[in-house]
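Topology and contacts: notes
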Amino acid sequence: MISVSILFLCMLLFFPETALAGSKYGATLWITQLLPTLLPFFIAIRLFDSCLPRVAQSRIFLLIGILCGYPAGATLVTNQYDKGLLTRKQAYFFLGFVNNPSPMFVLVFCGTTVLGTSFRESVMLFALLVLVSLSGSLIFLFLASLPHFPSHRYFAWRNNTISENDTENAATIPESFSRRLDKIILDSFILLVKIGGYVIIFSIFGQFISLFPGSSLSGKILCSGLLEITSGVSYLQTAALGSHAKKALMLAILSFGGLSAAAQTGSVFARSELSIFPYLMIKAGNSILAWFLVSIL
């Protein structure tokens, strides 16, 4: 942690223009994309949880995360896990499955803008992403159930269930709707500020990748995608690569999600018992599986 802090400080001091460019890019991405799309969704999730608890506690409700992008899926899963509706393994399964880039990002930006594919091919790209995420989570669930799988606190089962008495007691607490809505908006905005900080930090690191002219184009794309998916995918638009190679790299980047999205996800369940490391394992496996599937297809 100390070495990373020193490295980041040196970047800001000795390469101010590059750091400023990355910071502006991250801030623009947060203001124009994340804030207007995620803030209403976070407010809606908490309103559902407060006003319609039975709907918010349904497993099917978690699938909404597939439609909303990072880290909305993590928010849905964490809410149910903190209430004891999911075991820890089940929570990691759904985190790897529903916490993905949004359909609009994949269809419009990745498919149409970057790859120049038709709408039908873009839909197939998103469908393959969902299939890879589901397959990777199922593989993790199978491996975690093996008797020789490492018994670690990250994968321990938790069988707590929310009781009806707890729900009734929580419902009897008098609180006006306006005060409840004020708290929901404030909590959602604080979470988005944390997410914006992560986006800016990783955008700065991603900007420094362009300072290494000796690295290969594929290496730059993978390194950028490892940090932040938007930057990695953007490199593919002008890359001198075949369409098959571009699709393989893009699906691998989208399946992993980038360390920036992982940090955003970690900020969502920072107060829960969930850990970022099993999530990263699942996402790394999804990325490898995506590359393999595109290669054989």
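From N to C terminus, the protein includes 14 helices and zero strands. Element order for the protein, N to C, with α for helix and β for strand: α-α-α-α-α-α-α-α-α-α-α-α-α-α. Relative to its 297 residues, the protein shows a buried fraction of 45%. When contacts within the protein are restricted to residue pairs at least 6 apart in sequence, long-range pairs at least 24 apart make up 78% of them. Of the roughly 15,300 Å² of accessible surface on the protein, a fraction of 69% belongs to carbon and sulfur atoms.

Inspection of the secondary structure puts E273 in the loop between α13 (258-268) and α14 (276-296). Residue classification places E273 among the partly exposed residues on the basis of a relative accessible area of 44%. Considering only alpha carbons, one finds E273 and T78, 195 residues apart in sequence, at a separation of 9.5 Å. A polar contact is formed between the side chain of E273 and the side chain of R88, at a distance of 2.9 Å.

Structurally, K89 is set in helix α5 (residues 88-98). Buried charge without a partner: K89 forms no salt bridge, and the closest opposite charge is E273, 14 Å away.

Once that is clear, we can look at a nonpolar patch on the surface. Nonpolar side chains collect at one region of the surface, where L9, L13, F14, F15 and L211 lie side by side and expose about 530 Å² of accessible area between them. Given the relative accessible area of 41%, F15 is considered partly exposed.

So, about the pattern of salt bridges. As enumerated under the stated definition, the model contains three salt bridges in all. For E273, the salt bridge identified is with R88, shortest N-O distance 2.9 Å. Here R88 lies in helix α5 and E273 lies in the loop between α13 and α14, a separation of 185 residues in the sequence. Notably, a salt bridge pairs D187 with K183, separated by 3.0 Å at the nearest N-O pair. Of this pair, D187 and K183 both sit in helix α9 (residues 177-208), four residues apart, which is roughly one turn of that helix.

Closest axis-to-axis distance for the helix α7 (residues 119-144)/helix α12 (residues 243-256) pair is 10 Å, and the angle between their directions is 45°. Relative to α12, the element α7 is oriented oblique. Along this stretch, α7 crosses α12, giving a crossing that reads as right-handed. Every residue of α12 that contacts α7 at E121, L125, L128, L129 and V132 is listed here: K247, M250, L251, L254 and S255. Among the residues making up the contact of α7 with α12, the classes are represented as seven nonpolar, one polar and two charged.

Quick look at the confidence of the model for the protein now. In the predicted model, the protein carries a mean pLDDT of 83, and the fraction of residues at 70 or more is 88%. At the low end of the mean pLDDT range in the protein sits helix α8 (residues 164-171), at 44; at the high end sits α5, at 93. This stretch, residues 157-173, has a pLDDT under 50; its non-local contacts, to residues over four places away or in other chains, come to 19 contacts.

Scoring rules and cut-offs
- Residues numbered from 1 in each chain as written.
- Predicted model: local features only at pLDDT ≥ 70, side-chain atom pairs only at ≥ 80, totals over all residues.
- Heavy atoms only, no water.
- Helix = DSSP H or I, 4+ residues; strand = E, 2+ residues; numbered from the N terminus.
- Buried < 20%, exposed > 50% of the residue type's maximum accessible area, 1.4 Å probe, protein only.
- Contact = heavy atoms within 4.5 Å.
- Areas by Shrake-Rupley, 256 points an atom, 1.4 Å probe, with all protein chains shown as cover.
- Polar contact = N/O pair within 3.5 Å; in protein donor to acceptor, adjacent residues only side chain to side chain.
- Lys, Arg positive; Asp, Glu negative; His and termini not counted.
- Salt bridge = Lys/Arg side-chain N within 4 Å of Asp/Glu carboxyl O.
- Patch = residues over 30% accessible without salt bridge, like charges linked within 9 Å, V, L, I, M, F, W, Y side chains within 5 Å.
- Axes fitted to C-alpha atoms, helices over the stretch in contact; angles between N-to-C directions.
- Parallel < 35°, antiparallel > 145°, perpendicular 65-115°, else oblique.
- Left-handed = near helix turned anticlockwise from the far one by under 90°.
- Nonpolar A, V, L, I, M, F, W, Y, C, P; charged D, E, K, R; others polar.
- pLDDT = per-residue confidence, 0-100.

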